[in-house]
Amino acid sequence: MDRDQVFNFSAGPSVLPEQVLLRAQAEMLNYNGSGMSVMEMSHRSKVYAEIFDETKAEFRKALSVPETHEILFLQGGASTQFSMVPLNLLPAGGSADYAVTGHFSNSAAKEAEKFGTVNRAADTTGAKHTYIPSQSELKLDPEAAYFHYCANNTIYGTEWQYVPETGSVPLVSDMSSDILSRPVEVSKFGLIYAGAQKNMAPAGLTVVMIDKSLAGNERPETPLMLSYQRMIDKDSMFNTPPCWCIYILGLVLDWLETQGGVTGMEQIKRERAAKVYEYLDNSKLFHANAKPGSRSDMNVTFRTGDENLDAAFVAGAAARGLLNLKGHRVAGGMRASLYNAMPMAGVDALLKYLKEFEVEHHGT
Ligand SMILES: Cc1ncc(COP(=O)(O)O)c(C=O)c1O
């Protein structure tokens, strides 16, 4: 298939804006008259330092990150943050609150248990992670070292519609799958982390925003590569950073600005997802998994209730260029990931197919 015949609904790595890919292509062999590709540059060169500094400044601007917070460009994926957070923020003998609302927040909680006590402030496992707990359901420990939650549950298709109130307990959030899709009041958070491969860049980069006052208290055995303070001191260049991914993030941020920034993205993402949920709520064949009020605009999960029909739907979709609609293996069913770079035409093509499939298999 040609690129123009395909809409990629992958949960990650995911679709990137075409304008970004075209610009990367144009700059591939000779970046800005340097005579080389960004892939070939020393991370300490002047030309690369400009890319790095500009990208960081653009990121700060895009999310209005206050100067109290450092922006780090790290590696190891969001999963490395599952251990980096407790190593740096959970003192020996301490306890941390975790809201378990899906697969990745559960993994984060389990990793933290290696380092101290974990209080599961909420756990929606019993409800198959179909909803986000309300503020009053959170069993908060006022002595917790921090409260960790995953803002958007990529696999189950739920998204926190509010920022939890935790008093003086610092908020830590995994925003891997909804970063840059809406404004965030970063000052409310002690730490935010996100793997890049959904809304930001190719896989290989993890962006961290950390309140600098929280850094510097890591356990003595913390490997240097996993010390926030070390990375702050070295401006993410303690070792070779993921240079190419950071460059692409810069191009994505340029593109984001032309789309109205995160405010523009929030409006577009609502429109995209609302169209699909509205259809699902009125369908006699398909059902949305997540409960209203908890639904993700980024990952819409749904099913027919019949595994064979689900498989037929996914296969038929792929045949017409609607790719990667199969749900994650732990959740089953279907999942349409509607990240920032998904054009509305992709949503319309999905809706057209949903309707046709429903008529064929339900006869309405
Ligand atoms: C919300 C969330 N957190 C963490 C991860 C794990 O990210 P990584 O593969 O970058 O370690 C993912 C991956 O899809 C995710 O969606």
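In what follows, the structure referred to is the one given above.
Everything in this summary refers to the structure shown in the same document. Numbers given to residues run from 1 along each chain, matching the order in which its sequence is written. Since the coordinates come from a predicted model, pLDDT governs what is reported: local features require at least 70, and pairs of side-chain atoms require 80 or more to be given and counted, while whole-chain, interface and lining totals use all residues. Side-chain numbers come from the whole structure's heavy atoms, not from hydrogens or water.

On to the packing of helix H2 (residues 46-62) against helix H6 (residues 243-258), then. Angles here are taken between N-to-C directions and fall from 0 to 180 degrees, while the axes themselves are lines fitted to C-alpha atoms, restricted in helices to the stretch in contact. A helix here means a DSSP run of H or I that spans at least four residues, while a strand means a run of E at least two residues long, and both kinds are numbered starting from the N terminus. For the pair H2 and H6, interaxial distance at closest approach is 9 Å and the crossing angle is 45°. Classified by the interaxial angle, the pair formed by H2 and H6 is oblique. Here H2 runs over H6; the crossing is left-handed. Residues Tyr-48, Ile-51, Phe-52, Thr-55, Glu-58, Phe-59, Lys-61 and Ala-62 of H2 pack against Cys-243, Ile-246, Tyr-247, Leu-249, Gly-250, Leu-253, Asp-254, Leu-256 and Glu-257 of H6. By residue class, the composition of the contact of H2 with H6 is 11 nonpolar, 2 polar and 4 charged. Working rule for angles: under 35 degrees goes down as roughly parallel, over 145 as roughly antiparallel, 65 to 115 as roughly perpendicular, anything else as oblique. Rotating anticlockwise by less than a right angle from the far helix to the near helix defines a left-handed crossing, while the corresponding clockwise rotation defines a right-handed one. When checking whether two residues touch, look at their non-hydrogen atoms; a contact exists if any pair is within 4.5 Å. Note that Gly is not counted as nonpolar here; it falls among the polar residues with everything else outside the nonpolar set of Ala, Val, Leu, Ile, Met, Phe, Trp, Tyr, Cys and Pro and the charged set of Asp, Glu, Lys and Arg.

Here we come to the pattern of salt bridges. Here, a salt bridge means any Lys or Arg side-chain nitrogen found within 4 Å of an Asp or Glu carboxyl oxygen. Applying the stated criterion to the full structure yields 19 salt bridges. The closest approach of N and O atoms between Glu-27 and Arg-23, which form a salt bridge, is 3.3 Å. Of the two residues, Glu-27 and Arg-23 are both situated in helix H1 (residues 18-27); the distance of 4 residues between them amounts to about one turn of the helix. Taking the relative accessible area as the measure of exposure, Glu-27 reaches 18% and is therefore buried. Each residue is assigned to one of three classes by its accessible area relative to the maximum for its type, calculated with a 1.4 Å probe on protein chains only: buried under 20%, partly exposed between the two thresholds, exposed over 50%.

Next up on the list: the sheet that holds strand E9 (residues 191-195). Each strand in a sheet pairs with its neighbour through backbone hydrogen bonds, running either in the same direction (parallel) or in the opposite one (antiparallel). When DSSP finds two or more bridges between two strands, those strands count as paired. In spatial order, the strands read E2-E10-E9-E8-E5-E3-E4; together these 7 strands make up an open sheet with mixed pairing. Each of the sheet's edge strands pairs with one partner strand only, and the pair in question is strand E2 (69-74) and strand E4 (117-123). The sheet shows a mean angle of 15° between the axes of neighbouring strands, taken without regard to direction. Across 6 bridges, the pairing between strand E3 (residues 95-100) and E4 is parallel. Looking across to E4, one finds that Ala-96 is bridged to Val-118. Taken strand by strand, H2 contacts E2 and strand E10 (206-211), and its axis lies near 130° from that of E2.

Judged by pairing direction, the sheet is antiparallel, and its 3 strands sit side by side in the order E11-E12-E14 without closing on themselves. If you trace the sheet from one side to the other, it starts and ends with strand E11 (287-288) and strand E14 (334-337), each paired once. Note that E11 and strand E12 (residues 299-303) share 2 bridges and pair antiparallel. Each bridged residue has a counterpart across the sheet, and for Ala-288 the counterpart in E12 is Phe-302. The strands touched by helix H7 (residues 261-282) within the sheet are E11 and E12, with E12 carrying the most contacts at an inclination of about 15°.

Residues are counted as near a molecule or strand when any one of their heavy atoms sits within 4 Å of it. Taken together, 13 residues surround the ligand, and among them Ser-79, Thr-154, Asp-174, Gln-197 and Lys-198 come closest. Considering the ligand on its own, with 400 Å² of exposed area, one finds that the protein chains cover 83% of that surface. Take the shell around the ligand: its biggest share by element is 4 residues, from helix H3 (residues 77-89). Taken together, the residues of the shell around the ligand sort by class into 4 nonpolar, 7 polar and 2 charged. Calculation of accessible area relied on Shrake-Rupley with a 1.4 Å probe; when residues are assessed, cover is drawn exclusively from the protein chains displayed.

Let's shift gears to the packing of aromatic side chains. Pairing of aromatic rings covers Phe, Tyr and the six-membered ring of Trp, with a centre-to-centre limit of 6.5 Å; geometry is then stacked below 30 degrees between planes, edge-to-face above 60, and tilted otherwise. Evaluated as defined, the whole model comprises 16 aromatic pairs. For the pair Phe-52 and Phe-73, a centre-to-centre distance of 5.5 Å together with 80° between the ring planes defines the contact as edge-to-face. Linking Phe-52 in helix H2 with Phe-73 in strand E2, this pair joins segments that are 21 residues apart in sequence. Per residue, the accessibility class of Phe-52 equals that of Phe-73, and both read buried.

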